[in-house]
Amino acid sequence: MWKMIVSELTQAMGDLARGFAHILPRIIVVVIMALVGWVVAYLAKVILRSILRLIKFDRLSENAGASQLLTKAALPSATDLLCRFVFWVAWLGFILLGVRVLGIVGLQEQIAKFFLFLPRLFVALLIMFFGLLLATFLSRAALLAAVNANFPSPRLLSVSVRTIIIIFVLSMAFEEVGVAEQTMLVAFGVAFGAMMLGLAIAFGTGGKELAQQFLEKRFVHGRKDEGKEDELSPL
Amino acid sequence: MAETSFLTDDFLGQLISVGEVDILVGVPTHNNAKTIGSIVETIQAGILTFFPRERAAIINADGGSRDGTRQLVISAAIGDAQSRSKPYALRTLRSISTEYASSPSSGTALRTILAAAELLRAKACVVISPESTQITPDWLAALLRPIYAETFDLVLPTYRRHKFDGILLTNLLYPMTRALYGMEIREPSALEFAFSGRLGSQFLAQNAWHDETARAGSEIQFTLAAIAGGYRICQSFLGAKEHVGTHSADLVPVMRQTVGALFSSLEPNFSVWNAKTGSQPIPTTGAKQEFSLEPLRVNRKRLREMFSIGVAELESVFQSILSPSTLAELQRIAALEEASFSYSAELWVKTVYEFAAAYHKSVISRDHIIQALAPLFRGRAFTFLVENRNGSAANVEDDIEALCLEFERLKPYLLKIWNGRE
Amino acid sequence: MPLEQDEPWYKHAIIYQAHVRTFYDSNGDGIGDFPGLDEKLDYLVDLGINTIWLMPFFPSPLRDDGYDIADYYSVHSSYGTLEDFKKFLVSAHERRIRVIIEMVLNHTSDQHPWFQQSRSSQENPRRDWYVWSSTDARYHEARIIFLDTEMSNWAWDPVSKSYYWHRFFSHQPDLNYDNPAVREEIWNVMKFWLEMGVDGLRLDAVPYLMEREGTNCENLPETHAILKELRRKLDEQFPGKMLLAEANQWPADLRPYFADGDEFHMAFHFPLMPRMFMGVKLEDRKPITEILQQTPEIPPTCQWCLFLRNHDELTLEMLTDIERDYMNDSYAQDKAMRLNLGIRRRLAPLLDNDRRRIELMNGMLMSLPGTPSIYYGDEIGMGDNINLGDRNGVRTPMQWSGGWNGGFSAADPEKLYAPLIQDPVYGFPAVNVLSQKRTQHSLLNWMGRLIAVRKTTGAFGSGSIEFLYPGNQRILAYARQLGDEKILVVNNLSNAAQAVELDLRRYKGNILIEMFGKNIFPRVGELPYLLTLGPYQFYWFRLRRI
């Protein structure tokens with residue numbers, strides 16, 4: 001009987017060893033991939049950083065107002081952020097590629113899905129970035145125009161413009177990423193519509209006189225206020 | 001070359017038949033039929049009186065007029081095939097017209113005139129604004145003689161104008177150009193000026209005509225190019241400049257053309273202006289500037305209001321542009337009562353210089369920087385109006401002179417903030 | 001001879017203006033004479049000349065180069081005898097050269113026997129032959145013509161103790177045409193020469209014949225009446241002879257001298273001449289086209305006489321002040337060149353001895369409507385000498401060769417009536433007939449070819465003219481037409497090459513044949529006809545439809 005136990009044990013140990021021998025190379029491969037991946041990701045990060053420095057990416061994001069947001073969120077600068085993002089994505093990618101070798105069922109699918117997801121995530125981030133840029137630019141333009149044209153509540157106008165654009169951009173980003181698509185669409189529609197309605201009512205009732213004056217000034221010539229005041233030419 | 005294709009075949013044919021000229025009069029137009037007839041007659045009289053022996057041509061660069069402006073200019077020609085009702089002329093006077101675009105652009109009009117001047121090898125050229133209804137034949141002599149006698153390359157005008165006319169000019173363009181470039185040029189962005197053929201050719205070749213900002217504000221660019229190129233510049237007194245009432249909303253486009261062009265020229269011309277200190281008067285024929293003092297009713301209040309509103313609403317924008325101390329000071333004075341409000345010369349100069357530096361660094365969109373300056377300018381205009389409301393012509397001149405000296409005094413400040421990070 | 005025999009001969013004349021004194025000296029006394037002129041007629045034939053106009057050769061004290069006549073019926077002894085003149089006339093006619101002589105009607109020399117008698121006493125029968133007055137206040141609106149020398153049109157005669165009228169020099173008293181005896185005698189003078197065989201008379205200073213109070217004493221109706229009378233007699237007794245008017249007036253004032261074809265046959269077109277010079281200097285055709293636009297139509301039998309230079313100063317009278325100043329500044333910077341509202345220089349010096357400009361001006365002379373007159377020496381490009389005083393600078397001896405006295409005379413150089421031009425540029429060693437005859441492309445030979453080409457068509461002499469007005473004002477272009485013959489003339493008035501597009505649509509389908517080389521140029525189509533011309537170049541094209 002003792003001999004039976006020993007031989008079973010030996011067999012079991014042998015199986016285990018075989019198992020290890022089967023999986024150990026694979027793990028080694030994964031580790032190698034991880035190391036290689038690290039190097040590649042690091043190189044990518046360095047190259048990207050140089051490129052971004054060259055195109056003055058920081059300045060661009062400052063203009064977009066993104067830098068201010070990042071600082072507020074205690075995040076590093078836009079260039080840094082992007083470089084790190086790229087580093088991590090690259091390294092992770094390599095690791096996952098290595099993991100595939102392990103041959104764990106089910107994991108393949110998830111990894112594939114992850115890789116498919118990455119581009120969309122990137123596009124969504126791009127949309128948000130440029131959307132922010134646009135929002136800042138247009139809201140500032142509206143602000144300046146309103147101030148110089150002596151419109152009442154220029155800040156309200158500016159903020160409205162900014163909000164509308166941000167909402168729009170966010171919706172597009174979420175749609176791109178595929179998160180709660182329908183919900184976002186409907187919510188955006190409702191919010192946007194409500195805002196417009198609100199503005200219309202507000203301007204309609206409250207801004208009646210203003211609209212009248214504006215239209216008069218623009219389209220009714222020849223009724224210059226005589227004797228009221230002389231205009232100065234700046235040049 | 002693609003750049004010269006903006007001259008149509010027809011116009012080129014007309015230029016061929018005009019041939020070499022000694023004097024070229026450029027008239028850029030766009031729907032000016034009301035005023036152009038008498039202006040062109042005055043030009044004709046000026047040429048026949050002061051340059052009867054010279055070969056002269058009038059070149060009209062039109063931006064798509066639909067009211068018969070071009071025909072009015074062409075009818076000023078005097079030749080042998082014309083009717084006898086023309087004034088007597090020793091030689092043929094040509095007058096040709098071309099439509100450079102279907103919408104007006106002062107830069108393209110100037111470019112057309114420069115191209116014509118180069119192809120016709122004109123010795124002396126003069127650009128006349130189609131709205132100068134107070135032009136007299138003497139203006140042509142005053143502008144052209146210094147060029148034609150080959151003493152100068154650029155002749156800028158000086159006028160007799162109301163003391164409150166042209167505040168942007170007297171409070172920003174003139175003092176800043178003077179402080180930076182060291183030349184007391186009263187009208188750096190003139191609508192009528194004369195130049196030599198060689199200056200015109202150089203400007204035509206060097207200027208970045210495809211650049212949108214370069215196309216607008218080409219008048220001040222021209223002056224700055226002449227300064228940068230070391231050309232000989234002088235001024236000539238012309239006479240009264242009509243007080244043209246313009247809608248105050250026109251301030252921003254005007255600032256874009258003039259202040260924007262001035263700011264954008266600072267970077268390429270850095271080597272020209274950074275070392276200059278002080279300023280020198282330039283040769284002037286006639287008065288340097290004259291002021292008329294007839295009473296003018298101006299809505300000063302609105303200027304101050306717009307200033308205050310601007311300071312309040314544009315705080316976020318100003319934070320990107322101005323230094324904290326300047327912004328704080330502006331906010332302080334914005335809160336003052338009208339009676340005690342004063343936008344001092346020093347503060348104004350600092351404001352302008354900080355804006356110039358911000359423009360150079362493109363902290364935000366450059367066009368927005370110019371727009372943001374507008375309400376601040378209104379505040380300065382208010383102070384200028386108040387300080388000089390009862391002032392004599394000499395007082396006004398002293399005030400402007402003081403402002404110029406302030407610009408000169410603070411020039412090192414501009415240099416300091418030019419490249420540094422605040 | 002040209003083809004149109006039914007056209008009056010003067011419409012196809014090529015006139016050569018010469019002074020017998022300046023042309024050739026046959027007897028070695030230093031003064032040109034008729035036998036000498038006779039010897040040189042073949043030279044004129046070679047050049048293509050068919051009419052010679054002689055300056056006054058009558059006996060005279062020569063204080064106005066012969067225009068102060070002391071005897072109308074004779075020849076000045078320095079130039080030969082009346083027989084010599086008759087021989088010369090015969091020679092000329094043998095060579096088919098017609099002869100025009102001067103007839104100075106307006107005044108005589110104060111040495112003329114008529115005047116000597118007239119001044120001798122108030123009762124003398126010839127007293128009324130001149131215009132006398134006890135004061136110098138009459139006719140005060142008449143202008144002074146010789147501004148540089150005369151202060152007044154009246155001169156005090158110490159002999160008869162009264163004033164006499166003179167429009168020119170004070171030694172040239174005006175004849176009184178109110179006196180029928182004067183008119184009759186003048187006709188006798190004319191008759192004398194016409195009977196001898198002279199073909200035409202150039203009547204000098206015709207606007208001034210009559211005076212009337214309250215007028216400027218020029219171009220008066222009475223003057224025209226007298227001239228018409230003379231013309232009537234001429235037509236009656238000497239058909240085919242020609243009267244040429246010297247009247248320095250605006251075109252509108254010149255027109256009456258043609259009347260209805262019953263006054264003068266020809267008149268000089270004075271206003272055009274300075275404008276040709278002006279056009280070339282300005283490089284602008286405007287002065288030329290304008291004056292020709294203002295030139296009125298003349299009767300079909302009449303003809304303009306065109307010229308570039310003559311024995312007088314280049315007159316600037318018929319110009320505005322601006323134009324005159326321009327001409328003086330351009331052509332006579334040295335004030336010594338200016339005389340009496342004119343410029344006393346020859347053609348070549350005026351044009352800076354620029355061969356191309358000389359050719360252009362002669363080309364216009366030969367192609368504009370009228371009969372051309374060439375001043376002696378201009379065909380070889382002779383120079384001038386303004387230091388000779390008055391207008392004598394343009395009346396120096398003809399330069400025949402580079403040898404002794406320029407081949408003009410065998411006399412000692414000091415005996416010549418005037419010194420030869422001697423500078424290295426225009427002097428006789430450089431500019432003379434002999435060397436130019438031996439040089440194929442000399443100005444002389446070119447002039448001969450020009451005249452020959454002109455003679456191949458009657459359109460230049462008799463044809464109509466229509467101006468083209470191309471956009472390029474440096475190009476003077478016009479079309480001449482006679483019957484079916486059409487000639488297109490294009491002149492580049494500028495110093496630089498030019499391109500010009502001509503509107504020739506009415507000549508569509510015609511081939512252009514360049515008249516000097518006879519080469520064909522492209523046919524006229526719908527599009528504007530593009531021509532390019534070198535500096536001062538001109539084209540004559542015959543339009544031919546085949």
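Residues numbered from 1 in each chain as written. Chains lettered and ligands numbered in written order. Predicted model: local features only at pLDDT ≥ 70, side-chain atom pairs only at ≥ 80, totals over all residues.

A. Representation of the overall build of chain A within the structure. The helix and strand tally for chain A stands at eight helices and zero strands. N-terminal to C-terminal, the α/β element order of chain A is α-α-α-α-α-α-α-α. Per-residue burial for chain A yields a buried fraction of 17% across its 235 residues. Counting only contacts in chain A whose residues sit at least 6 apart along the sequence, the fraction spanning at least 24 positions is 64%. (Helix = DSSP H or I, 4+ residues; strand = E, 2+ residues; numbered from the N terminus. Buried ≥ 20, exposed ≤ 12 C-beta atoms within 10 Å, placed from the backbone. Contact = placed C-beta atoms within 7 Å.)

B. Highlighting the overall build of chain B. Looking only at helices and strands, chain B has 18 helices and nine strands in total. Relative to the compact-globule value of 22 Å for 422 residues, chain B shows a C-alpha radius of gyration of 22 Å, a close match. Overall, chain B is about 70 × 50 × 40 Å in size when its C-alpha atoms are taken along their principal axes. When each of the 422 residues of chain B is scored for burial, the buried share is 52%. Partitioning the contacts of chain B with sequence separation of at least 6, the portion at a separation of at least 24 is 85%. (Rg over C-alpha atoms; globule rule 2.2 N^0.38 Å.)

C. Region of interest: the confidence of the model for chain B. With 93% of its residues at a pLDDT of at least 70, chain B reaches an overall mean of 88. Interface predicted TM-score (ipTM) for the complex: 0.80; the corresponding pTM is 0.80. (pLDDT = per-residue confidence, 0-100.)

D. Quick peek at the domain arrangement of chain B. Residues and elements named next belong to chain B. Domain annotation for chain B reports domain 1 (2-292) and domain 2 (300-419). Spacing between the C-alpha centres of domain 1 and domain 2 amounts to 30 Å. Facing 25 residues of domain 1, the contacting portion of domain 2 comprises 24 residues. Listing elements by their share of the side of domain 1 that touches domain 2, those giving two or more residues are helix H6 (167-181) and helix H10 (251-266). A total of 10 residues in the side of domain 1 that touches domain 2 trace back to one element, the largest contributor, which is H6. Looking at the side of domain 1 that touches domain 2 residue by residue, the classes come out as 15 nonpolar, six polar and four charged. (Domains from an automatic or database assignment. Nonpolar A, V, L, I, M, F, W, Y, C, P; charged D, E, K, R; others polar.)

E. Inspection of helix H15 (residues 443-454) of chain C at higher detail. Compared with an ideal rise of 1.5 Å per residue, which puts 12 residues at 16 Å, H15 of chain C spans 16 Å between its outermost C-alpha atoms and is within 8% of the ideal. The secondary structure elements touched by the buried residues of H15 of chain C are helix H3 (41-47), helix H13 (355-367), helix H14 (433-437) and helix H16 (459-462) of chain C. (Expected span 1.5 Å × (residues − 1).)

F. Seen up close, the interface of chain B and chain C. Opposite the 12 residues of chain B that make contact, chain C presents 15 residues. Here the residues of the side of chain B that touches chain C are counted per class, giving four nonpolar, five polar and three charged.

G. Structural context of the packing of helix H1 (residues 2-54) of chain A against helix H4 (residues 78-102) of chain A. Residue and element names in this part refer to chain A. One way to put it is that H1 packs onto H4 with a least axis distance of 8 Å and a crossing angle of 160 degrees. One way to sum up the angle between H1 and H4 is to call them roughly antiparallel. H4 is crossed by H1, and the crossing has right-handed handedness. (Axes fitted to C-alpha atoms, helices over the stretch in contact; angles between N-to-C directions. Parallel < 35°, antiparallel > 145°, perpendicular 65-115°, else oblique. Left-handed = near helix turned anticlockwise from the far one by under 90°.)

H. Structural context of the nonpolar core. Ile 52, Leu 244, Ala 245, Phe 264, Met 266, Ala 267 and Met 361 of chain C are the most contacted members of the largest nonpolar core, which has 154 residues in total. Here this core takes seven residues from helix H9 (residues 272-282) of chain C, the largest share from any one element. With sequence-adjacent residues up to four places away left out, Ala 267 of chain C is seen in contact with Ala 245, Ala 247, Leu 254, Tyr 257, Phe 258, Trp 304 and Cys 305 of chain C. Within the second largest apolar cluster, 133 residues are counted, among which are Ala 124, Tyr 174, Phe 291 and Phe 355 of chain B. (Core = buried A, V, L, I, M, F, W, Y, C linked by C-beta atoms within 7 Å.)

I. Focus on the confidence of the model for chain A. When pLDDT is averaged along chain A, the result is 78; 83% of the residues meet or exceed 70. Averaged over each element, pLDDT in chain A is lowest for helix H3 (residues 66-72) of chain A (65) and highest for H1 of chain A (86).

J. Representation of the packing of helix H15 (residues 345-361) of chain B against helix H16 (residues 366-387) of chain B within the structure. Residue and element names in this part refer to chain B. It is the contact of H15 with H16, at a shortest axis distance of 10 Å, that shows an interaxial angle of 175 degrees. In terms of orientation, H15 lies roughly antiparallel with respect to H16. Together, Trp 348, Thr 351, Phe 355, Ala 358 and Tyr 359 of H15 and Arg 366, Ile 369, Leu 373, Leu 376 and Arg 380 of H16 make up the contact between the two elements. Here the residues of the contact of H15 with H16 are counted per class, giving seven nonpolar, one polar and two charged.

K. Representation of unusual backbone geometry. Residues and elements named next belong to chain C. Despite not being glycine, Ala 205 has its phi angle at roughly 55 degrees, a positive value. Topologically, Ala 205 is positioned in the loop between strand E7 (200-204) and helix H7 (221-237). On the basis of neighbour count, Ala 205 is assigned to the buried category, with 20 C-beta atoms found within 10 Å. Of note in the backbone geometry, Tyr 536 takes a positive phi value of approximately 55 degrees without being a glycine. Along the chain, Tyr 536 turns up in the loop between strand E21 (529-533) and strand E22 (538-544).

L. Looking closely at the sheet that holds strand E5 (residues 154-157) of chain C. Residues and elements named next belong to chain C. Spatially, E4-E6-E5 is the arrangement adopted by the three strands of the open sheet, whose pairing is antiparallel. In this open sheet, the two edge strands, each paired with only one partner strand, are strand E4 (132-133) and E5. Pairing geometry for E4 and strand E6 (residues 162-165), over two bridges, is antiparallel. Bridge pairing in E6 links Trp 132 to Tyr 164. (Pairing = 2+ DSSP bridges.)

M. The pairing of strand E4 (residues 124-127) of chain B, seen in detail. Residues and elements named next belong to chain B. Residues Ala 124 and Val 126 line one face of E4 and the alternating positions Cys 125 and Val 127 line the opposite face, and both faces are buried. In this structure, strand E1 (residues 23-29) lies alongside E4, joined through four bridges in parallel fashion. Bridge pairing in E4 places Ile 23 opposite Ala 124. Summarising the sheet, E4 and strand E6 (residues 193-196) pair through four bridges and their orientation is antiparallel. By the bridge assignment, Val 127 is partnered in E6 with Phe 193.

N. Structural view of the sheet that holds strand E13 (residues 342-343) of chain C. Residue and element names in this part refer to chain C. Strand order in this open sheet of three strands is E11-E13-E12, and the pairing throughout is antiparallel. The open sheet terminates on both sides in strands that have one partner only, identified here as strand E11 (314-315) and strand E12 (338-339). Pairing of E11 with E13, which is carried by two bridges, proceeds in the antiparallel orientation. Each residue of the ladder has a partner; that of Thr 315, found in E13, is Gly 342.

O. Geometry of the arrangement of the chains. If you rank the two pairs of chains in contact by how many contacts each has, first place goes to chains A and B. The two units chain A and chain C remain apart, with a minimum C-alpha distance of 40 Å.

P. Focus on helix H17 (residues 393-409) of chain B. Residues and elements named next belong to chain B. An ideal rise of 1.5 Å per residue puts 24 Å on 17 residues; H17 measures up with 24 Å between its terminal C-alpha atoms. For H17, the full list of buried residues reads Val 396, Ile 400, Leu 403, Cys 404, Phe 407 and Glu 408. Taken down its axis, H17 places every buried residue within 145 degrees of arc, on the same side. Opposite its buried face, H17 presents the exposed residues Ala 394 and Ala 402, each directed more than 90 degrees away. Looking at the buried positions of H17, the neighbouring elements they touch are H6, strand E9 (290-292), H15 and helix H18 (411-419). (Arc of directions from axis to C-beta.)

Q. How the structure looks around the environment of Gly 483 of chain C. Turning to its location among the elements, Gly 483 of chain C is positioned in the loop between strand E16 (475-482) and strand E17 (485-492). For the pair Gly 483 of chain C and Pro 299 of chain C, spaced 184 residues apart in the sequence, the C-alpha separation amounts to 17 Å.

R. Expanded view of the pairing of E17 of chain C. All names here are of chain C. Of all eight residues that make up E17, seven are buried, and the element is covered over most of its length. As defined by bridge partners, E16 adjoins E17 across eight bridges and the pair is classed as antiparallel. Bridge pairing in E17 places Ile 475 opposite Asn 492. Here five bridges tie E17 to E22, and the two strands are oriented antiparallel to one another. The residue of E22 that forms the bridge with Ile 487 is Arg 542.

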